[in-house]
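# Commentary on secondary and tertiary structure
One letter stands for each residue in the lines below.
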Amino acid sequence: GVSAHDLASFAAGLQAVPSSSIYYHLFETRFGEEAQCENNFAEWLAAIGELEVARRVASVDPYMFSLEEARRRVIAELPKAVDRR
């Protein structure tokens, strides 16, 4: 699988993974016993200290969009944070 170690590699990974990965991390993990956030992406972002970005990514409602649009919306939140670096 694809792994990330910073925001830039996270953004690149989101662009590269298949839509099934987007589905898994936005939907399947949302209801797991250990879920701390709305989705795995927001949880990872919070874990690396990107709390504001995590909040914005958590607010992307995957039920409102296709998987590809949800991917685009999550990615759209990242350049703002990547540009700060």
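The rules behind each value
Residues numbered from 1 in each chain as written. Predicted model: local features only at pLDDT ≥ 70, side-chain atom pairs only at ≥ 80, totals over all residues. Heavy atoms only, no water. Helix = DSSP H or I, 4+ residues; strand = E, 2+ residues; numbered from the N terminus. Buried < 20%, exposed > 50% of the residue type's maximum accessible area, 1.4 Å probe, protein only. Areas by Shrake-Rupley, 256 points an atom, 1.4 Å probe, with all protein chains shown as cover. Axes fitted to C-alpha atoms, helices over the stretch in contact; angles between N-to-C directions. Parallel < 35°, antiparallel > 145°, perpendicular 65-115°, else oblique. Left-handed = near helix turned anticlockwise from the far one by under 90°. Contact = heavy atoms within 4.5 Å. Nonpolar A, V, L, I, M, F, W, Y, C, P; charged D, E, K, R; others polar. Phe/Tyr/Trp six-rings, centres within 6.5 Å; stacked < 30°, edge-to-face > 60°. pLDDT = per-residue confidence, 0-100. Arc of directions from axis to C-beta. Polar contact = N/O pair within 3.5 Å; in protein donor to acceptor, adjacent residues only side chain to side chain.

### Observations concerning the overall build of the protein
Per the secondary structure count, the protein includes five helices and zero strands. Going from N to C terminus, the protein has its helices and strands arranged as α-α-α-α-α. Each of the 85 residues in the protein was classed as buried or not, and the buried ones make up 35%. For the protein, the accessible area works out to roughly 5200 Å², and carbon and sulfur atoms hold 52% of it.

### A short note on the packing of helix H1 (residues 7-16) against helix H3 (residues 40-47)
Describing two packed helices takes the angle between their axes plus the distance from one axis to the other. For the pair H1 and H3, interaxial distance at closest approach is 12 Å and the crossing angle is 170°. Taken together, the axis directions place H1 and H3 in an arrangement best described as roughly antiparallel. Both H1 and H3 take part in a crossing whose hand is right-handed. Contact residues: Leu7, Phe10 and Leu14 in H1; Phe41, Trp44 and Leu45 in H3. For the contact of H1 with H3, the class distribution of residues is six nonpolar, no polar and no charged.

### Considerations on the packing of aromatic side chains
Counted under the stated rule, the structure contains four aromatic pairs. With a centroid separation of 5.7 Å and an interplanar angle of 70°, the aromatic rings of Phe10 and Phe41 are classed as edge-to-face. Separated by 31 residues along the polypeptide, Phe10 in helix H1 and Phe41 in helix H3 bring together distant segments of the chain. Judged on exposure class, the residue Phe10 and its partner Phe41 are both buried. Here Phe10 and Trp44 contribute two aromatic rings whose centre-to-centre distance is 4.8 Å and whose plane-to-plane angle is 20°, an arrangement assigned as stacked. Here the residue Phe10 occupies a position in helix H1, and Trp44 occupies one in helix H3, the gap between them amounting to 34 residues. Joined through ring pairs, the aromatic side chains of Phe10, Phe41 and Trp44 make up one cluster.

### Let's talk about the confidence of the model for the protein
Here the protein averages 86 in pLDDT, and 84% of its residues register 70 or above. Least confident of the elements in the protein is helix H5 (residues 67-82), whose mean pLDDT is 86; most confident is helix H4 (residues 51-58), at 93.

### With respect to H4
Among all positions of H4, only Val53, Ala54, Arg56 and Val57 are buried. Projected onto a plane normal to the axis of H4, the buried residues spread over an arc of 165° and lie on a single side.

### Quick notes on H1
Within the span of H1, buried status applies to Leu7, Ser9, Phe10, Ala11, Gly13 and Leu14. Among the residues of H1, the N-terminal cap falls to Asp6, whose side-chain oxygen and the backbone nitrogen of Ala8 are separated by 3.3 Å.

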